[in-house]
Amino acid sequence: MLVLHRTVVAAAPASCANLGPGFDVFGIALCEPEDRIELEVEDSSTFSLDFEVEGNVPREQEKNAAAFVISCIARKYRIRKRIKARLRKGVPVGVGLGSSAASSVVSAFAMNKVFKLGMDVMQILAFSSEGEKLCSGAAHLDNITASLLGGFTISPSRFTPPVSIKPPDSLALCVVTPQVDTPERKTEYARSLLPEKVGLPDVVSNIRNASLVVAGMALSDIDMLGMGMEDYIVERSRLKMNPHYPSVKLEAKKAGASGVCISGAGPSILAVVDSSKRKPRSVLDSMLRSYRKSGIKAEGFVTKPGKGARIVG
Ligand code: HSE
C-alpha cells in the first residue's frame with residue numbers, strides 16, 4: 001500500500017495588538033517568542049488528526065486553536081489524509097501577546113503549504129480568525145494579521161486590504177508581563193468592559209493619535225509613533241484589570257520610552273523606545289521596578305519587531 005509522507009515545519013510570532021488607539025486594527029509582530037508546528041501527512045482514505053502539543057494549552061482538539069484551524073481547513077478542502085501535528089508553544093498563553101493568534105496562523109500557514117492549497121492572505125486570515133474566535137470569543141484580526149504578515153500591520157475589513165509597514169530600524173520593544181490573576185476567558189471579559197457608545201471628542205482624539213502611529217511608522221519617527229499611542233477609549237475602560245498600568249507607564253516614560261500601551265487585552269505592557277537615542281534596557285528595568293514597588297512580580301524582555309509566518313523546515 002502506498003504511504004505518502006510529507007512534512008513541513010512553520011513558525012509564527014507573538015504580537016502586540018492595539019498600540020493604544022488602534023483597537024482591533026493595529027498589531028506589531030515580535031521578533032520573539034514564536035509558535036512552531038510540524039505537520040506530517042500520510043496517505044489515508046479518511047481525515048484524521050493526531051495532535052500533540054508542548055505547552056500550557058488545552059490538548060482537546062475542539063478547544064485548541066491550532067487543532068481547530070487544521071480541522072476547519074481539512075473540512076473545507078475535503079482533505080482525506082492522516083495528519084500528525086506537533087505544536088510547540090513558545091508564546092505565553094493569556095498574557096496579551098497573541099498566543100491564540102500565533103497558533104491559529106501557524107496552523108493555517110502550514111496547512112496551506114503542505115497541501116498546496118493556494119490560499120491568499122485573506123483566506124489564511126479567515127481560517128485563522130476561526131481559531132481566534134474559539135479562544136477569545138471574537139474573530140478580531142489585529143493579532144493574526146501581525147502574526148501572519150510581520151512588522152506593523154493594519155488589519156483588513158471586508159472592503160479594505162491588510163497593510164504591513166516595515167517599522168523603523170531603531171525601534172525597540174520592551175514587553176513586561178506582571179504575574180497577576182486574570183479572569184477565565186480573559187479577552188472575552190476584557191471586551192465585555194468596553195463602552196457601547198463613545199463620545200465624539202474621544203473618537204477625534206483617537207483618530208488623530210492612530211494617524212500619528214501610522215505616520216511615525218512610515219516616517220521612521222519613533223517619538224511621533226509613541227505620542228500617538230495614547231488611547232482615549234479602550235484602556236480606560238479596562239483599568240480595573242490593570243490598576244498598576246498608569247504608574248508603570250509613568251516610570252517607563254521617565255526612563256525614555258516614546259510611548260506605552262497595554263498589549264492587546266493585557267496584562268502585558270508594551271513600551272516603544274528609540275534605541276538610537278535611549279537605552280531600552282533602562283526602560284525595561286524601570287517598568288519591572290515599578291511593579292516591584294507595588295509588590296507584584298513581573299518579568300520582561302527587550303525585543304525588536306519581527307517577521308511574519310514562515311516555513312522553517
Ligand atoms: N484587540 C483585541 C482586544 C486584542 O484588545 O480585545 C486582544 O488580544
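Throughout what follows, the structure given in this document is the object of discussion.

A few words now on the layout of surface pockets. The calculated volume of the largest pocket comes to roughly 870 Å³. Around the largest pocket sit 43 residues that line it, and Val 93, Gly 94, Ser 100, Cys 135 and Thr 187 are the ones nearest its centre. Contributions of two or more residues to the lining of the largest pocket are made by helix 2 (99–114), helix 3 (121–136), helix 4 (142–149) and helix 5 (186–192). Its residues assigned to classes, the lining of the largest pocket comprises 17 nonpolar, 15 polar and 11 charged.

Let us now look at empty space enclosed by the protein. The tally for this structure, following the rule as stated, stands at one cavity of 30 Å³ or more. Considering only enclosed or pocket space, the largest cavity measures out at about 40 Å³ in volume. Along the walls of the largest cavity sit Asn 18, Gly 20, Asp 231, Val 234, Glu 235, Arg 238, Ile 262 and Gly 264, which together make up its complete lining. Looking at the lining of the largest cavity, its residues break down into two nonpolar, three polar and three charged.

Okay, the nonpolar core next. The biggest cluster of nonpolar side chains holds 42 residues, and the ones touching the most others in it are Leu 19 and Met 287. For this core, the leading source of residues is strand 7 (residues 171–178), giving six residues. Sequence-distant contacts of Met 287, defined by excluding residues within four places in its chain, comprise Cys 174, Val 176, Val 248, Ala 252, Ile 269 and Ala 271. The next biggest cluster of nonpolar side chains, apart from the first, holds 39 residues, and it includes Ala 12, Ala 67, Phe 115 and Phe 127.

Spatial ordering of the open sheet is given by 8-9-7-10, a layout of four strands whose pairing is antiparallel. Two strands in the sheet have a free side with no partner beyond their single neighbour: strand 8 (259–262) and strand 10 (298–303). Looking at each pair of strands side by side, their axes are set apart by 20 degrees on average, direction ignored. Sheet topology places strand 7 next to strand 9 (residues 269–274); six bridges connect them, and they run antiparallel. Opposite Val 176, over in strand 9, you have Ile 269 as the bridge partner. Where helix 9 (residues 245–254) meets the sheet, its contacts fall on strand 8 and strand 9, and the angle it forms with strand 8 comes to roughly 160 degrees.

Once that is clear, we can look at unusual backbone geometry. Of the consecutive residues Glu 32 and Pro 33, the connecting peptide bond is found in the cis state with omega at -5 degrees. Position of Pro 33 relative to the elements: it lies in strand 2 (residues 26–43). The linkage connecting Gly 266 with the following residue, Pro 267, adopts the cis geometry, with an omega of 5 degrees. Here Pro 267 shows up in the loop between strand 8 and strand 9. The residue Lys 116 is not glycine, and still its phi comes out positive at about 50 degrees. Counting through the fold element by element, Lys 116 comes out in the loop between helix 2 and helix 3.

Two elements in contact, helix 1 (residues 65–76) and helix 3, have axes separated by 8 Å at closest approach and are oriented at 140 degrees. Considering the angle they form, helix 1 stands oblique to helix 3. In this structure, the crossing between helix 1 and helix 3 has a hand that is right-handed. Side by side, helix 1 and helix 3 meet where Ala 65, Phe 68, Val 69, Cys 72, Ile 73 and Lys 76 of the first sit next to Phe 127, Ser 128, Glu 130, Gly 131, Leu 134 and Cys 135 of the second.

Residues of strand 4 (residues 81–88) alternate between two faces, with Lys 81, Ile 83, Ala 85 and Leu 87 buried on one and Arg 82, Lys 84, Arg 86 and Arg 88 left unburied on the opposite face. The pairing of strand 2 with strand 4 spans eight bridges and is antiparallel. Its bridge partner lying in strand 4, Ile 37 is registered against Leu 87. Inspection of the sheet shows strand 3 (residues 48–54) paired to strand 4 by seven bridges, in the parallel sense.

Under the criterion given, the structure shown has 21 salt bridges. For Asp 223, the salt bridge identified is with Arg 278, shortest N-O distance 3.1 Å. Highlighted residues: Asp 223 in helix 7 (residues 222–228) and Arg 278 in the loop between strand 9 and helix 10 (280–293), separated in sequence by 55 residues. By relative accessible area, which is 24% here, Asp 223 ends up partly exposed. Between Asp 285 and Arg 281 there is a salt bridge whose closest N-O contact spans 3.1 Å. Taken together, the residues span about one helical turn, with Asp 285 and Arg 281 both in helix 10 at a distance of four residues. Look at the salt bridges and you will find they share partners, linking Glu 42, Asp 50, Arg 82 and Lys 84 into a network.

Rules of the game
- Residues numbered from 1 in each chain as written.
- Predicted model: local features only at pLDDT ≥ 70, side-chain atom pairs only at ≥ 80, totals over all residues.
- Heavy atoms only, no water.
- 1 Å grid on protein atoms, 1.4 Å probe; cavity = no way out; pocket = protein on both sides within 12 Å on 5 of 7 lines; lining within 4 Å.
- Points joined across faces, edges and corners; volume = space filled by probe spheres on them.
- Helix = DSSP H or I, 4+ residues; strand = E, 2+ residues; numbered from the N terminus.
- Nonpolar A, V, L, I, M, F, W, Y, C, P; charged D, E, K, R; others polar.
- Core = buried A, V, L, I, M, F, W, Y, C linked by side-chain atoms within 4.5 Å.
- Buried < 20%, exposed > 50% of the residue type's maximum accessible area, 1.4 Å probe, protein only.
- Contact = heavy atoms within 4.5 Å.
- Pairing = 2+ DSSP bridges.
- Axes fitted to C-alpha atoms, helices over the stretch in contact; angles between N-to-C directions.
- Parallel < 35°, antiparallel > 145°, perpendicular 65-115°, else oblique.
- Left-handed = near helix turned anticlockwise from the far one by under 90°.
- Salt bridge = Lys/Arg side-chain N within 4 Å of Asp/Glu carboxyl O.

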